[in-house]
Structure formats: C-alpha cells, structure tokens
Amino acid sequence: MPFINGSGSSASNEGLSRRTLLKRAGLAAALVPVSGVLAACGGSGSSGGGGGGGAAAAKSVPLPTYVPPVKPKPLLEGSAQGVMDVYASFPMDGPRTVNGTIGDGSEFNVLIMTYGQPSPPVDQSPYWQLLNKELNLKVKPLQVPYADFQTKFPALVAGDDLPEFVSVPLYENVARLPQLAEAQFTDLSEYLSGDAVKKYPNLAGIQKAGWLNGYLNGRIYGVPKSDPVFSTQIYTKTDVIKAAGANPQPANLQEFKDLAKAVTNAQAGVYAFGGNIADFMMMMFGVPNKWTRKADGTFVSAWEHEAFVPAMSELADLYKSGCFHPDTPTLMTNKVQRDALFRSGKLAMLYDGNRSVGIVADDKDVVFDIMTPFGKDGGNAVHWTGGGAYAMTMIKKTTDKKRIDMFLRVLDYIAAPFGSRESFIMSYGVEGVDYEVKDGVAVLTTRGQREQDLGLAYIAGGPQVLCDPQGAPGVDQLNHDWQQKVVPMLLDNPAAHLYSETFNSKGASLQQQMQDAITAVFLGRESASSLTAAVQKWKTGGGDKMAKEYAEAAALAG
Amino acid sequence: MTLKQALPRVAPQSDETRQTSQKAPFLARLWRDAPLLVMVAPAAIVLLLFTYVPLLGSVIAWMDYVPFLGFTGSDWVGWDNFTALFSDPSFWTAVWNTVQITFLQLVLFFPVPILLAVLLNTVALPVAKKFVQSVIYLPHFLSWVIIVALFQQVLGGAGIVNRFLITHGLSPFDVMSNPDTFKLLLTTQAIWKDAGWGTIIFLAAIAAIDPGLYESATMDGAGAWGRFWHITLPGMRPIIVLMLILRLGDSLTVGFEQILLQRDAVGPGAAEVLDTFVYYNGVVDGNWGTATAAGLLKGVVSLFLVLAANKLAHRFGEEGVYKR
C-alpha cells in the first residue's frame, strides 16, 4: 500500500478528486473496488451486524425511527430503490435544521480516514475555523490516510490510543469490529432507538440500511454515513473507443471481448483495462452477492456458484489475450496511476466505484460514458449492492450523558441533508475564500477544495444526491440514467447485517485468501480450475462455519 | 574512518583484560571497569527497554489475544496458535520463500561488497576512488519505495525498456511481475541498493592490513594475485566471518518493505515471507496470537543460526562474535 502513497500523484488529480469526493461526501465506493471489492463489501455487510456474543444480554431495542428529511425539489427525482436525486446546483439559502448551541467549547478529538493530503492547519483554514464556530468546539481530527488505515487503526487499538470519537470506514474490514464496539464504545440505544432519535432530526433522516451497520446484539453503537446501493461501474473512454471503431456499449460477453480486443493497441500503448475486473465478470455471469439463502434456510457461498469458475476462466482468457495494461499487477492497487492512464486515453475502460464518476467528470475534457451492465448471453447482469453505510462513527465508553448528547448533536449537524444551511456550510465553507458565486451557483475555489480535506463530512449522514455543477456537463444525468437501468439488476447479500463469529475473527484473512487465488488466476499464474481447491480450502478454513452461523442468525432474525 | 584501526586491534586487548579479570575480585573489577560500564549503560538500557522488555509480550503466542481486551481479558489457548500455524500451508509457503531468499542473498549478495571493496582498493587514483565510492554509496540512502518505482519505470511492463521493445515490434519481457524470477529480482535490487554501502567495513579491514606485509611480499616476488590471496584475503578474514555471522543472525529478515511493495505484483505464492506473513496475519487480519507465534519461531531459528555459525567460526579458528 505505501506504494500508492509514494508513487507521487499529480497535484491536480488530487485536487479534483478530493473536491468531488467531499462534495458527494462519501466516496467509499470510489476506492473500494478493483483490488478487493468482494472482501470489502462482505465486510461492510456483515461485520456490523449481529452481536459480539460476549456482552451481557441487554434488551434488544428497535432501530431509530425514520423521518424523511425535507428536501428541495430535485431536477430529477430519485427512487425508493436507491436511484439518487439530481440537483443542478446547491441551494445557498437553505433552511436551518440545527438550532441552539451545539458544543461547550471543548476539544472534539475524532479519528477520520482521509484520502487527500492532510488539511491545512486550523489557523490557515477559514473553513475549519467556521466549523469550530458553528459547532462551538475545537475540532481536532486525527487524520489517518486511507493507505495507512489498515496498519494505523490496529496500532491505535492495540496501544489504547483511540481518540474520544472514532469513525471507522466499514469497507476497511476492521477485524473484530463488533467486539471492539462492545468493549470500547458507548451503547447509544437509549438516545437513538425508536422515537428517541427525533431529538436529532437529521439523524432521524438516516435510513434503516445505514443504521443496521452499527446495530450489534440488538443495541445501537454507531451512527452511520449512508452509502448508495450501487457499487461499481465501468467508465468507457468513448473517444478512444470510437477512434478504434468499436462499440462502447456491448450487450453480451462476446461483444465485450470484441470491444476489449478492438481498443487494445500495444504499439500505441493503449489497453482496454488496467486493473482487475473479476467482480464485473462475476456479476455478468450472475454470481450472487456473497451468499445465497436457499428455501430451506441454509446459506451457500457465492464461491460455490456454478458460474464462478467459468467467469474467472473468461477473465483469465481476457488477460491472456493482451488487452490489459502490462503494469496491471501493480495498477490493481494503484488507483491514482490508473485514473491518470484513463484520463490520458491509455486505458479505454476503467472499472471503479460508482462515485468515481465525479473524479472522471471533474476533468471536463474527458469524454466518457458509463457502461450499462449486461449478462454474458445478453439481458441483465446482477449488480451487487453494498452494505448501506460507508462509515460508522462511535464515542468511547462514557457515562457522561451530556457528552453523549453533545456528540449526537455534532453528528446531527454534520448529517444535515442536502439543501440545508448546515449541509451547504459543510460542503462550501466561507464565501469569498472557499467558494465564489458565479451565475447564482456556488463554485468551490482551489483553496476551498484543499481545506475540505478536514474530512469531517465523511463521518455521518443520510442519503446522498447527485449534484456536480463543477463537473463535466450532463454527468449527473448520465449517472442518474445509469442507476435507473441498473435498479432491476440489484442483488442484496442475504448475509448482510447478520452476525457470524467466524467472519468476525477470520473473515478478513479468508477473504484475502480467495482474493489472492482470484488474482493468481487472473494474471495467469494458476489455471481457473485451481479455484475449486481454493474454495474448498476457504470452506474448511471457516466458510462452512460462516454459512452455518448465518443460517442460525437468519433463523433467529426470522 | 575510525573503524580502520579500531576493529582488528581491539580484539587482542580485550583478550588480555579478560584473562586478568578472572583473577581480580568482583568489586575491584567493578571499580576498575566503572568508566566503561557507565559508558555502556545508556545503550544497555535502550537494549533492555526496547528489545528485552517487549519480548515479554511474546506470551500472546499462547493466547487468543485481542488488543482491546488486553493481556488480562484475552483467553489462554495453550499451543493452539502453533497448531494453527503449522497446519496453515501459507505459513510453510512463507517459510520456504524466506529460506530461498536467505540462501540467494547469502550466496549472491554477501560476496559482492567484499569483491567491490577489493576492487576499489586497487584503484590508485584517490579522486577516482572517492568518486566511485560516493556513487555506489548513494542508492543506500534511497528508500525502497523509490527504488521499486525506479525498477518499475525501467524494467516494468510499461517501462522504458519494454516500451522500446514494443514500439520496435519486438516482444516485451516481464521481470517485475514474474513470480518465477521474483527472488532473483529481489536480490538484484538489494545488491543495487546496498552492496556499495556494504563495502565500507571491508575497506576498513583492508586498510588495517600492515602495508609492510605487501612490501615484503613484493620483495619476495609475490604478484598481484599472490598478494591478494596471501595477504589481503587472510587480513580480511576475521571481519568477513564476523559479518557473515551477524548477517546470519538476521538473515531471515529478508526485506519487509521491499517485499511488501511488490508482493501484489507476483502474488503471495512467490513473495510471502515470514515478515509479511506476520504483518498480514497479525496487524491486518487481527490474528495477533498466531502472528506472534510465527515471529517467535523466526527468532528461535535466527538464534540457532547465529550459534551454529559461531560454532563453525570457532572450528575454523576464528573468534566469531564471542569467545568459546
């Protein structure tokens, strides 16, 4: 991972990406895929659910009551299935959703995972100063770069150095998160369960799918940052594809292979792909989302699905045919370089999280489209949904009710919905410094983009919207249309939010084993048939136990 | 270059003190050595605090250790972690890879600084010698991230060399992501980075050889080869043996960062070594107990290697790192 950090990303790329990421706040999906979507999403799904087992059996409480937030009229309406609302621009005179003083002037030490450079220090950041004033707190983020998170977080836990408030990105697959939550963090049930959440109206605007991630053993430990249901997309560089005389929207596997072959031109250094597209292939072949729950209540892993090995065999053939960039083995974990190759037309297609659309769209000269998924023989593919939340934010164990209330008030502010005054402040900062108004539309300045690296917007929030007035024209509409086409293909993970002791303790290493086995097949080091043995090893190593535990948990949940 | 004189000459002196010290009473010896003991104290304390005290943490090899439950809250599991470790094929892959890399580095890397030092010593022009020395020391100061990136830029699939081959219609080659040759690649990188730096101590050893010996040998008609074989090499021998033993001690530490950076390119089958195994198992996946067991085993094997190498050194009449 340090390689990603050290390989030097251009400043402009970072600036662009950061802005959109923050504006669309969340970005989880943007970085998840390619090196390990499956591992990541499996984690976000199940690591949160269920319970740690060991805790004294406190009474199970209902989830927070959902009160839909008041929203401005969107340009394009979203849907209950997860299609996001589209707005032309951010309303600048939105209503106030948080009243009264929030903090007590004390320090707010919070762990946040960040993606860009560290934010400028508070005395040089009017944005940070404004938030301090708004929250009446001294916000002190402990910023952990995403490339270091897997090392830094366990070290903080092991050294008992976690700050008072901690935001954990769920896709990072932190080992034993439920146990950690029960051992070290405050049970928020009495403040959030049922109608109690209405005291914090913006938190009440977070949907059930988000809350389930912080719901352990029937108790509520964390406040989520919601994530869209869509996981990954293939971006097509239409100008490169058209120049090669190919069709950027294939309808089946054969056409997809033709496209990959047609755009690849090794002499010119142009390749179809630059990373692993294993998940895309699996979804094309109809491989289920991590698990299938059969009619008799038993759980069967997606690895055992009959289409898994054939899908990987096709993937290996594609790689062998030479349409992947020669640096693919390293590009798999180097998102910055992959993005740059796509922008410069050296990759005709980019498989990435659905929020990457913002990163791509930021460069207005990039002509691109989003490929609609398709089944291998035509028709629909399946599209795996995520776990419903990007991150979960918790407070260290305390009995200080005032402190807990203040924590929730802060999150209530941060979770203010699109269109509100607070949300505008979170996204844009100080006028004249962080943003300027052009033709009635707020436009972030470079400085504003830099100062948003504070990362506070990542830690709590309800449904997100599509609003990228600074991106390529029509990009929101493009994404909206894509989402509508994908809705019929959405497929949930039946084990999401179910608790499995084995997944909790061994899930991360088991997923890594499978990921390594897939990578070996993809890059031609092993034959596709080797996966059968790998799956067997996965099953005996803990997969079978997980299936059993999920079945029990599902039966219990009804 | 204080090492120049110090290294070979310190040994005989300490020999004498040792012999006399056995006769004097303890307190007298303490009083006599007090200044030396005071001088060594800070280093000893650091060693104690940061090497020996943390060793106590190894007890988690016998626990199902969960950091946030601590030593008191975690369960004792007996030898479960070791059983799990030994039955895990990926552990044995890591062991085998480590042994292979250790062997390769010993055979291919270890002699390079010695040869370089001898060659450098033959450069007559001081300016040229200094220049060459500076150049070959330089890569030592680059971090692995930069070195791996450099190799990638030059030899990678889309590196300068392969781009040239492809644009000229020739078939490219693959060394950066080829699991079969990965260990050679690692050794090559290590040589490129550190062989120059490694010459320092051998140059010091050469410089410490009495020039009178060369003069006498020349008078007696010894040629360049004869002088090298009969004077330079025997003169360097104690240092070579010492370095070899020290190298063996941490020979199982085959380059964590260097391998971590390139592991994904070739897969764990070729690149997982004990250190990365511990990292992924313990730090990333949270199996602290098993990872500690693996680390502990590595320590035990390293200790054994040092003892064995030292014994061998004694057999060849060398001093080794400590006396019999």
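Data block above holds the structure.
Residues numbered from 1 in each chain as written. Chains lettered and ligands numbered in written order. Predicted model: local features only at pLDDT ≥ 70, side-chain atom pairs only at ≥ 80, totals over all residues. Heavy atoms only, no water.

Focus on the side chain of A:Glu451
Short version of the rule: By the criteria applied, helices consist of DSSP H or I runs no shorter than four residues and strands consist of E runs no shorter than two, each listed in order from the N terminus. The definition of a polar contact used here is a pair of N or O atoms within 3.5 Å, where within protein one atom must be able to donate a hydrogen and the other to accept one, and adjacent residues in sequence count solely through side-chain atom pairs.
Relative to the elements of secondary structure, A:Glu451 occurs in helix 20 (residues 446–451). Polar side-chain contacts of A:Glu451 include one of 2.8 Å to the side chain of A:Arg447.

Some thoughts on the sheet that holds strand 2 (residues 138–145) of chain A
Residues and elements named next belong to chain A. To be explicit about the condition: Between any two strands, at least two bridges found by DSSP are needed for them to pair. A fitted line through C-alpha atoms serves as each axis, taken over the contacting stretch for helices, and the angle formed by two N-to-C directions is quoted from 0 to 180°.
Spatially, the five strands line up as an open sheet ordered 2-1-3-13-6, and their pairing is mixed. Looking at which strands have only one partner, the edges of the open sheet turn out to be strand 2 and strand 6 (223–226). Adjacent strand axes in the sheet meet at a mean angle of 20 degrees when their direction is disregarded. As paired elements, strand 3 (residues 165–169) and strand 13 (residues 389–395) share five bridges and run antiparallel to each other. The residue bridging Val168 from the neighbouring strand is Met392, located in strand 13.

Overview of the packing of helix 10 (residues 182–207) of chain B against helix 13 (residues 256–266) of chain B
Residues and elements named next belong to chain B. Filter applied, for reference: To sort the angles, those under 35 degrees are grouped as roughly parallel, those over 145 as roughly antiparallel, those from 65 to 115 as roughly perpendicular, and the leftovers as oblique. The sense of a crossing depends on the near helix, which, turned anticlockwise from the far helix by less than a right angle, makes the crossing left-handed and, turned clockwise, makes it right-handed. Pairs of residues are marked as contacts when any of their non-hydrogen atoms sit within 4.5 Å. Basically, the charged four are Asp, Glu, Lys and Arg, the nonpolar ten are Ala, Val, Leu, Ile, Met, Phe, Trp, Tyr, Cys and Pro, and anything else, Gly included, counts as polar.
Where helix 10 meets helix 13, the axes come as close as 12 Å, and the angle between the chain directions of the two elements is 150 degrees. Comparing their axes, helix 13 and helix 10 come out roughly antiparallel. Helix 13 is crossed by helix 10, and the crossing has right-handed handedness. Here Phe182, Leu185, Leu186, Gln189 and Ala190 of helix 10 come into contact with helix 13, specifically with Gln258, Ile259, Gln262 and Val266. Residues that form the contact of helix 10 with helix 13 fall into these classes: six nonpolar, three polar and no charged.

Examining the sheet that holds strand 7 (residues 232–236) of chain A
Strand pairing in a sheet takes place through backbone hydrogen bonds and is either antiparallel or parallel in direction. Residues and elements named next belong to chain A. The strand order across the open sheet formed by three strands is 10-7-11, and the pairing between neighbours is antiparallel. Two strands in the sheet have a free side with no partner beyond their single neighbour: strand 10 (349–353) and strand 11 (369–371). Here the average twist between neighbouring strands, direction ignored, is 40 degrees. Taken together, the three bridges between strand 7 and strand 11 define a ladder with antiparallel strand orientation. Paired with Tyr235 across the two strands is Ile370, which belongs to strand 11. Running at roughly 120 degrees to strand 10, helix 12 (residues 253–263) makes contact with strand 7, strand 10 and strand 11 of the sheet. Where helix 21 (residues 475–486) meets the sheet, its contacts fall on strand 7 and strand 11, and the angle it forms with strand 11 comes to roughly 10 degrees.

Some remarks on the interface of chain A and chain B
The test is simple: Note on terms: buried area is the combined drop in 1.4 Å-probe accessible area of two parts once they are placed together, counting the loss on both. Think of a salt bridge as a Lys or Arg side-chain nitrogen and an Asp or Glu carboxyl oxygen that are within 4 Å of each other.
Taken together, the contact between chain A and chain B spans 33 residues of the former and 34 residues of the latter. Summing the contributions of chain A and of chain B, the shared interface buries around 2800 Å²; its carbon and sulfur component is 58%. Taken together, the links from chain A to chain B amount to two salt bridges. Residue B:Asp64 is joined to A:Arg176 by a salt bridge in which the shortest nitrogen-to-oxygen separation is 3.5 Å. Scanning the region where chain A abuts chain B turns up 10 residue pairs in polar contact (both at pLDDT 80 or more). Within the residue set of the side of chain A that touches chain B, elements represented by two or more residues are helix 1 (2–6), helix 6 (149–158), helix 7 (177–184), helix 15 (328–331) and helix 22 (501–522) of chain A. Considering each element in turn, the side of chain A that touches chain B owes the most residues, five residues, to helix 6 of chain A. Within the side of chain A that touches chain B, the residues separate by chemical class into 16 nonpolar, 12 polar and five charged.

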